[in-house]
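Here is what each chain is made of, one letter per residue.
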Amino acid sequence: MAVVEKLSGFRKEGENWFIGSSLPSDLVVVVDEVKFHLHKFPLVSRCGKIATIFEESERQETPFNVTLEDFPGGADVFLKVAKFCYRGRLEFTSRNVVILYCAAEYLEMTDDFGEENLQSKLENFFHGYILKHWKECVLALQSCESVTPIADKLQLPCRCIDAMSVMICTDSSLFGWPMKMYGSVQSPGGSILWNGINTGAKLHSDDSNWWFEDVSYLGIRFFERLIHTLEGKGVNPKIIARAVMHYGTRHLPGLSRWQGEQTGKPLAVSSFSISQSNLDPKSLLETVVKLVPEKRGKPFCRFLLGLLRNAMIMGLDSKYLDSLERKVGMQLEFATLDTLLIPRFFDSEILYDVDCVERMVRHFVSSELDPNSIPHSDHDQGTSPFSERLKSVSKLVDCYLAEVASDVNLKPGKFHSLASTLPDSSRTLYDGLYRAIDIYLKEHPWLTEKESEHLCSIIDFEKLSIDGCFHASQNERLPMRVVLQVLFFEQMHLRAALANYLNAVGSQATSGIDTAPTIIAQQNQALKVNIDRMRSRVGELEQEFSKIKDQMRKMSNQQGFLGSPRFAFKGMGCKLLDPSDAIVDSREFSRRA
């Protein structure tokens, strides 16, 4: 023990450490090319590994040289261990407990080589202090990153994760305060503390997310293990999904742009030291995609679409892309136009990834039409959730088509394929789809008549509004056959509208309701104005219809393949009415008025 009594401290000279002692050094330990000039007795009496090396060595030179390969923590940690062997003071913290524990395991510093050796002291500190405090547990788990293999052998990360999961699943007021590592310090009752004084003010926050910010500073491997542990303990999948969203938003570039809701103001990081640059973005993204649970909602859908963009940029495997597309497709009604406009990042002439959107729409349709997922009785109800979701997606798809229609490199086949993905029942009005096709025809004037007709075949002209029919009947970009169909259905719409107006006038005249004469006069005047407009439009339609009949008759006489104009209309799926039935005579209005 003479060496310990004459110890005055360590000093460093270049890459050499010397112990302040009057006795000459008889042991040199080399760690990462740094030499420690020490004495055999203090280290051999504490370190089983060094004792074994000394006993098995055939060389007995002085000083005795020992090289420690792959020592946990390097020379800095070994210096702390050496001080402990010389009975120096060694302070344990949440940041160094794991690395010291691994070093003690490496050197075999058990109680077999001295009472109250380093390993037993560290175990008492780890079990009695670290695992009982949230902050210390998180920091200790974070420090396992650099020594994961040895730490896993000692089950240190597993013990930290188990302790954290128990705290997450337990009422936060039951295990020590302050609980959070960020934000305002709170009392056990939830009041904000100022200099240790209870202010009485309450924090208005969701208690289920108090741990999101802290665990977002863990490495992806430990975060994944924590999430799996929480799933095993039955934590609500919605909470887990929000935690994954928070983690992904913090670490993945540009993902916060696609978040529908902010998770809070940025917090100054003072307790954690992990850097995002230490995480491989591709492996991190793959893990986040695997961790994302099944959840529905607008913010979550935006998050998934943000992940999909990142996955395409980083070139993730198709299985990850398919998984994201399926999850988005299952809740496509929550998507927005800006999130669906996904650019084609590589090797493509077109601006946007239309194929990706089409796949997501097909996932949506297949999930909505699955009889196992939706009761059969809901399919026949116009107000059912199924019907509302379908209508919402149809409007979204029509807006998307209108946006991508201006891309001159978009092939008509791709446009048609996406537009026809949804069933006919999804659209109550076809005005949105007509607008998209009109934009496409305008930006692609080189299309043949056949290609234009093929595009327009998607439109159910019977479901065009009166304004839509009016615009289409005067649209020079539409093929002749399409214009004929529009004119026919516009006549039908106008006849129905006129009949409704006339019925309204008749019912007002015969009703027994006591209405002021001035109000009746105003209503009648408004009805007359509308009837005059419709009468004028019907007259225009009669003239256009006659001109087109003449043109079709001339074409049939010249080409010889049309027997009559009526044949042409039947070939287009239109049923011609007799003039007396199809067109209301203008004299009829004056008689009823």
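Only a predicted model underlies this, so the values are computations on that prediction, with no experimental measurement involved.

Scoring rules and cut-offs
- Residues numbered from 1 in each chain as written.
- Predicted model: local features only at pLDDT ≥ 70, side-chain atom pairs only at ≥ 80, totals over all residues.
- Heavy atoms only, no water.
- Helix = DSSP H or I, 4+ residues; strand = E, 2+ residues; numbered from the N terminus.
- Buried < 20%, exposed > 50% of the residue type's maximum accessible area, 1.4 Å probe, protein only.
- Areas by Shrake-Rupley, 256 points an atom, 1.4 Å probe, with all protein chains shown as cover.
- Salt bridge = Lys/Arg side-chain N within 4 Å of Asp/Glu carboxyl O.
- Contact = heavy atoms within 4.5 Å.
- Phe/Tyr/Trp six-rings, centres within 6.5 Å; stacked < 30°, edge-to-face > 60°.
- Lys NZ or Arg CZ within 6 Å of the ring centre and 35° of its normal.
- Pairing = 2+ DSSP bridges.

1. Regarding the overall build of the protein chain
Helix and strand content of the protein chain: 27 helices and 7 strands. In the protein chain, buried positions account for 45% of the 593 residues. Summed over all atoms, the accessible surface of the protein chain reaches about 30,600 Å², with 51% contributed by carbon and sulfur.

2. A few points about the pattern of salt bridges
A complete count under the given rule lists 17 salt bridges for this structure. Here R344 makes a salt bridge to D353, at a shortest N to O gap of 3.8 Å. By relative accessible area, R344 is classed as partly exposed at 28%. The structure contains a network of salt bridges with shared partners spanning R344, D353, D355 and K414.

3. Digging into unusual backbone geometry
In this structure, D32 takes a positive phi of about 55° despite not being glycine. Note on placement: D32 falls in the loop between β3 (27–31) and β4 (34–38).

4. A short note on helix α7 (residues 134–143)
With 9 of its 10 residues buried, α7 lies for the most part within the structure. Turning to α7, its buried residues are W134, E136, C137, V138, L139, A140, L141, Q142 and S143. Buried-residue contacts for α7 involve α5 (97–107), α9 (156–169), α10 (212–215) and α11 (220–232).

5. Section: the packing of aromatic side chains
Under the defined criterion, the tally for this structure stands at 13 aromatic pairs. Seen in terms of ring centroids, F71 and F78 are 5.5 Å apart; in terms of plane orientation they differ by 80°. Their pairing is edge-to-face. When sorted by exposure, F71 lands in the same class as F78, which is buried. Cation over ring: K49 sits above Y106, and NZ or CZ is 5.0 Å from the ring centre.

6. Overview of the environment of E388
The residue E388 is located in helix α18 (residues 385–404) in this model. Among the residues examined, E388 registers a relative accessible area of 42% and is labelled partly exposed.

7. Here's the deal with the pairing of strand β5 (residues 64–67)
Across the two faces of β5 the burial differs, with F64 and V66 buried and N65 and T67 not buried at all. Note: β3 against β5, 4 bridges, orientation parallel. Counted as the bridge partner of L27 is F64 from β5.

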